[in-house]
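Each chain, written out:
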Amino acid sequence: METPGSVIETNDLAEDLLLRCEDVGICYRRPYKLGRSHSKENREFWPFRNVNLELKRGETLGVVGRNGTGKSTLLRLLAGVTHPDLGRLIKRPKLKIQLLSVNIGFEQILSGRENAIMAGMLLGKTRKEMMERLDAIDEFSELGAFFDEPVYSYSSGMRARLGFSIAIQADPDVLLMDEVLSVGDRQFKEKSKGAMKALMNSGKSIVLVSHDSLYLEKNADSVFEL
Amino acid sequence: MIEFFKTLYQYRGILFYRTIASLRADTRAMYLGYLWWFLEPILNTALYYFIFGVLLGIKTPDFIAYLLSGTVIYQWYQSSIVGTMGTITARAHLYRQIPLPKYLFGIIGVCSSSWKSGCVFLVMLVYISLTSGLTLGVHLLWLPLLVIIQILLISGFSIVLSIASAYFRDLQTFTSVLFRAGMFLSAIFWDVAKVPEHLKTLFYSNPSAALIQVYRSILLHGESPSGGLLLYLTGLSLILIQLGMLWHRRIDGHILKHIQT
């Protein structure tokens, strides 16, 4: 049955459950423009509807699907950035969910260090907490002297490494990762896979979007196909 | 309304550091850096003085102070509001990642342009007190209140227009026309006493005209400002903030699906 979209925060969930999607659907709508048909079919695009999904505490959930099936959209929905147009998203109150993609809106003219502090604050950390984590970010990102250079001087790989390192340090309850394991050179990829493994074992819930189905089969507790 | 102030308090750290960052990013990119904050209003005032004072012979008492106060206040008002439009689209990559109130970067824009204009405003105060002599008195106590009202007014516009301009890009072009009209209609470079009596209400319904008039009565005439105008500006600010917040609640979880970025 299709119900209008809503987000509900409640503790009334099965004990090991963090969040649940009930028949959710998302609709993208084109803006109005003079001289373009405004019929429903022409304006609306539904990447998915009637999706049912559960995330348990400590679970690693893989999400697979072809291009355009709404994998990134699903992660945004879980992150609370967009709300469903159909169905219900039920989650525990004050759940810290973090969407990790590689470019956390860096301020080009500021240094990696300054950006790390600011990105962390956007993710809900205080300035002090971020200051304490700076060394770890510096070390993990392997940026060396570039850590104090403005971000516009970074290569795209360096940017990605900085983003990944910040996100790992921001310490949420649920981590949503969108193709982040394809970041950086091979050496950094191995390292981030190691860090991922440690995260999975630390009891955090992780939702992982990847085209690397081999990796998902090996590491995820269950795989959801969109 | 209360929700708005609660949100500001909750995000105060981000507001503070993002404002500093945007000021720094602004000035690092330019050769003359911070100097531009002061050069721009001075150049504008000089231009207006030449056109309206010298060529057209418009005179009010203390014409330079009159021009300067109008220019500085109007620029504060305009640059804050114009700067806020398009922030949702410009920051979409961030809003797509972290659930943040969608007016956050608009308010950061208001903070940084208010900081800039506030510095210029202080310099203008020094100039006025050195040349025409600022009359000391109880009326000066209105000044801090007025600054607060002005920032509230700009914030109200910011919330409403940042959302509106995300849905209708046309609005950005349209407001640039509106602001040009507003500049001529705010008596920045002509004598406000020339407005005919029966059009005064209409003239002061333009918020920037009311704002400039209130500032001038304190700074140039040494009087307490008109209660009616103050009340109008305060009321308008609170209504805009309230409307903006109601609208924001409706669109918060959906706007990113419906706009072009």
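Structure shown above.
If you're wondering where the values come from, they're calculated on a predicted model, not measured in any experiment.

(A) Just the overall build of chain B, in detail. Check the secondary structure of chain B and you find 13 helices and zero strands. A compact globule built from 261 residues should have a C-alpha radius of gyration of about 18 Å, and chain B, at 19 Å, falls within 12% of that. Principal axes of the C-alpha set define a box for chain B whose edges measure 55 × 45 × 35 Å. Of all 261 residues assigned to chain B, the portion counted as buried reaches 52%. Per element, the accessible surface of chain B, about 12400 Å² overall, is 70% carbon and sulfur. With 18 positive and 9 negative side-chain charges, chain B shows a separation of 12 Å between the mean positions of the two kinds.

(B) Highlighting the packing of helix H3 (residues 35-55) of chain B against helix H4 (residues 63-84) of chain B. Residue and element names in this part refer to chain B. Packing of H3 against H4 brings their axes to within 9 Å, and their N-to-C directions diverge by 130°. Classed by the angle they form, the pair H3 and H4 counts as oblique. Relative to H4, the crossing made by H3 is right-handed. Contacts from Glu40, Pro41, Asn44, Thr45, Tyr48, Tyr49, Phe52 and Gly53 in H3 reach Phe63, Ile64, Leu67, Leu68, Thr71, Val72 and Gln75 in H4.

(C) Molecular detail of the packing of aromatic side chains. Taken as a whole, this structure holds 22 aromatic pairs over all chains when the rule is applied. Geometrically, the ring pair formed by Phe4 of chain B and Phe5 of chain B is edge-to-face, given 5.2 Å between the ring centres and 70° between the ring planes. The class of Phe4 of chain B is buried, set by a relative accessible area of 1%. Every member of this aromatic cluster is reached through a ring pair, and the members are Tyr48, Phe52, Phe184 and Phe189 of chain B. Over the ring of Trp46 of chain A we find Arg49 of chain A, and its NZ or CZ is 4.1 Å from the ring centre. Of note, Arg12 of chain B hangs over the ring of Tyr9 of chain B, and the distance from its end group to the ring centre comes to 4.1 Å.

(D) Local environment of the nonpolar core. One finds Leu78, Leu162 and Leu176 of chain A to be the most contacted residues of the largest nonpolar core, which totals 69 residues. With residues up to four places along the chain from it excluded, the contact list for Leu162 of chain A reads Phe106, Gly112, Ile137, Ser141, Leu143, Phe147, Val151 and Tyr154 of chain A. One finds Leu23, Phe121, Leu229 and Leu230 of chain B within the second-largest nonpolar core, a separate group that totals 54 residues.

(E) Highlighting the pairing of strand S4 (residues 60-64) of chain A. All names here are of chain A. Of all five residues making up S4, five are buried, and the element is well covered by its neighbours. The pairing of S4 with strand S9 (residues 222-225) spans four bridges and is parallel. Counted as the bridge partner of Leu61 is Ser222 from S9.

Thresholds applied
- Residues numbered from 1 in each chain as written.
- Chains lettered and ligands numbered in written order.
- Predicted model: local features only at pLDDT ≥ 70, side-chain atom pairs only at ≥ 80, totals over all residues.
- Heavy atoms only, no water.
- Helix = DSSP H or I, 4+ residues; strand = E, 2+ residues; numbered from the N terminus.
- Rg over C-alpha atoms; globule rule 2.2 N^0.38 Å.
- Buried < 20%, exposed > 50% of the residue type's maximum accessible area, 1.4 Å probe, protein only.
- Areas by Shrake-Rupley, 256 points an atom, 1.4 Å probe, with all protein chains shown as cover.
- Lys, Arg positive; Asp, Glu negative; His and termini not counted.
- Charge placed at Lys NZ, Arg CZ, Asp CG, Glu CD.
- Axes fitted to C-alpha atoms, helices over the stretch in contact; angles between N-to-C directions.
- Parallel < 35°, antiparallel > 145°, perpendicular 65-115°, else oblique.
- Left-handed = near helix turned anticlockwise from the far one by under 90°.
- Contact = heavy atoms within 4.5 Å.
- Phe/Tyr/Trp six-rings, centres within 6.5 Å; stacked < 30°, edge-to-face > 60°.
- Lys NZ or Arg CZ within 6 Å of the ring centre and 35° of its normal.
- Core = buried A, V, L, I, M, F, W, Y, C linked by side-chain atoms within 4.5 Å.
- Pairing = 2+ DSSP bridges.

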